[in-house]
Amino acid sequence: STKVSNGDFPAARNHIKQYGRSEFVLMLDNDIVLPDGALSHMIDFLQSHRKYAAIGLPKQDFTAMSPEWLLHALHVDMSCVLFRGEILEQLTFRWPPPDEGAAAGGCECGQACRDLRRMGWEIGFLPGVFAKHIVPTEG
């Protein structure tokens, strides 16, 4: 979707929403690899934690963070996030307003987290399951 939106991340994330309804929608960047069973763990979490609109997988560099910190992280990057479909439909990805930029993490991901919380929902990282970020090698 970033090709369709000329690299505009909020537009790309909003573009994904046009592909139909589903109980859950996974946003997954093309440089992220999920471990076996990760999606099942994410679905199980959302089915048993009704106050969460979405749950993300942290990247491996978050292994030292406590489970409590992960579940309540203020800024969940959208590189690997499973949303409840009906909540995703209500969310519009956008850049933060200038007066809120720093508090929102300065990006569309942080703003989405703030918007979800303003709507009364939680979002966090799933403890214990980590995504792998593929770092391009120079060749």
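Right above here is the structure, for reference.
Residues numbered from 1 in each chain as written. Predicted model: local features only at pLDDT ≥ 70, side-chain atom pairs only at ≥ 80, totals over all residues. Heavy atoms only, no water.

**Q** Looking at this model, I keep getting lost on the nonpolar core. Mind explaining?
**A** Side chains that are nonpolar tend, in soluble globular proteins, to be buried together. Membership of the largest hydrophobic core comes to 21 residues, with the highest contact counts inside it found for V76, M78, F83, F93, L116 and I123. Among the elements of the structure, β1 (24–28), β3 (52–56), β4 (80–84), α4 (85–90), α5 (108–118) and β5 (122–125) are those that each provide at least two residues to this core. Broken down by element, this core gets its largest block of residues, four residues, from α5. Not counting residues within four places of it along the chain, the set of residues in contact with V76 comprises G56, V81, C109, C113, I123, G124 and F125. Core analysis: the next-biggest nonpolar cluster, separate from the first, contains 15 residues, F24, F45, L57 and C80 among them. (Core = buried A, V, L, I, M, F, W, Y, C linked by side-chain atoms within 4.5 Å. Buried < 20%, exposed > 50% of the residue type's maximum accessible area, 1.4 Å probe, protein only. Helix = DSSP H or I, 4+ residues; strand = E, 2+ residues; numbered from the N terminus. Contact = heavy atoms within 4.5 Å.)

**Q** Looking at this structure, how should I read the sheet that holds β5?
**A** The strand order across the open sheet formed by four strands is β1-β4-β3-β5, and the pairing between neighbours is mixed. A strand with exactly one partner marks an edge of an open sheet, and here the two such strands are β1 and β5. The mean angle between the axes of side-by-side strands here comes to 15°, regardless of whether they run parallel or antiparallel. Of the strand pairs in this sheet, β3 and β5 are connected by four bridges, and their pairing is parallel. Bridged to A54 within β5 is I123. (Pairing = 2+ DSSP bridges. Axes fitted to C-alpha atoms, helices over the stretch in contact; angles between N-to-C directions.)

**Q** Is there a simple way to explain the pattern of salt bridges in this structure?
**A** As a working rule, side chains carrying opposite charge can pair if their charged atoms are close by. Considering all chains together, one arrives at six salt bridges under this definition. Here K59 and D77 are joined by a salt bridge, their closest N and O atoms 3.8 Å apart. With K59 in the loop between β3 and α3 (67–71) and D77 in the loop between α3 and β4, this pair connects stretches of sequence that are 18 residues apart. Linking R118 and D115 is a salt bridge whose minimum nitrogen-to-oxygen distance equals 3.4 Å. With a gap of three residues between them, R118 and D115 both fall in helix α5, about one helical turn apart. The class for D115 is buried, based on a relative accessible area of 12%. In the salt-bridge network here, residues are joined through shared partners; they are R13, D29 and E108. (Salt bridge = Lys/Arg side-chain N within 4 Å of Asp/Glu carboxyl O.)

**Q** In this structure, what is going on with the side chain of R13? I would like to understand it.
**A** Here R13 is to be found in helix α1 (residues 9–16). Residues in contact with R13, not counting those within four places in the same chain, are M27, D29, M78, F93, E108 and C109.

**Q** For this particular structure, what's the right way to read helix α2 (residues 38–48)?
**A** Each turn of an α-helix holds 3.6 residues, which means side chains three or four residues apart point in the same direction. For α2, the set of buried residues is A38, M42, F45 and L46. For α2, the arc enclosing every buried residue in end-on projection is 95°, short of the 170-degree limit, so these residues lie on one face. Looking at the buried side of α2, the elements it contacts are β1, β3, α3 and β4. (Arc of directions from axis to C-beta.)

**Q** Would you take a moment to explain the packing of aromatic side chains for this structure?
**A** The description of an aromatic ring pair rests on the distance of the ring centres and on the angle between the ring planes. Scanning the entire structure with this criterion turns up four aromatic pairs. Judged by centre distance (5.4 Å) and plane angle (40°), the ring pair of F62 and F125 falls under tilted. Of the two residues, F62 sits in the loop between β3 and α3 while F125 sits in strand β5, which places them 63 residues apart along the sequence. Judged by relative accessible area, which is 22%, F62 ranks as partly exposed. Look at F125 and you get buried, because its relative accessible area is 1%. (Phe/Tyr/Trp six-rings, centres within 6.5 Å; stacked < 30°, edge-to-face > 60°.)

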